[in-house]
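Residues per chain, in single letters:
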Amino acid sequence: AVLHGWVVDGKVVPPVCSALCKVESARQAAGPLARTLNIIYQNIVATDATPEELSAFSEQLVRHTENGKAMLKILQVEDADAQTHGLALLSRVYPTTSALLGRHL
């Protein structure tokens, strides 16, 4: 309930995504930021979140990452760990947000 509340209430995702949007100025932070978002997603899944809740979380991620553009920036950094986490994040988010991502990317 605490994890769900923090994510739904916007206390965690917007600041992490905001930092991710500034990844050019902090390339070394891209991997940890993507890893943080992946861990949040995994923990939401572990709480037996409904498909609607997962979809809402995915949409929130896309909305707070410049419509997904910041998630793609992770793939451009040289750190393989960051790229791996970026791909994992996109693979989790894409199924429920493909139309939204397609419009903006």
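Note: the structure precedes this text.
To start, this report covers the structure provided alongside it.

Rules used throughout
- Residues numbered from 1 in each chain as written.
- Predicted model: local features only at pLDDT ≥ 70, side-chain atom pairs only at ≥ 80, totals over all residues.
- Heavy atoms only, no water.
- Helix = DSSP H or I, 4+ residues; strand = E, 2+ residues; numbered from the N terminus.
- Buried < 20%, exposed > 50% of the residue type's maximum accessible area, 1.4 Å probe, protein only.
- Core = buried A, V, L, I, M, F, W, Y, C linked by side-chain atoms within 4.5 Å.
- Contact = heavy atoms within 4.5 Å.

## Considering unusual backbone geometry
- Positive phi, close to 55°, is recorded for Glu66, a residue that is not glycine.
- On the secondary structure map, Glu66 appears in the loop between helix H4 (51–63) and helix H5 (69–74).
- Given a relative accessible area of 35%, Glu66 falls into the partly exposed group.
- Positive phi values are uncommon outside glycine, yet Asn67 reaches one of about 60°.
- On the secondary structure map, Asn67 appears in the loop between H4 and H5.

## Description of the nonpolar core
- Ranked by size, the top nonpolar core spans 26 residues in total, and within it Leu20, Leu37, Phe57, Leu61 and Met71 carry the most contacts.
- Elements represented by at least two residues in this core include exactly helix H2 (13–21), helix H3 (30–46), H4, H5 and helix H6 (80–104).
- The greatest single-element share of this core, amounting to seven residues, is contributed by H3.
- Apart from residues no more than four positions distant in its own chain, Met71 is found in contact with Leu20, Val62, Thr65, Leu89, Leu90 and Val93.

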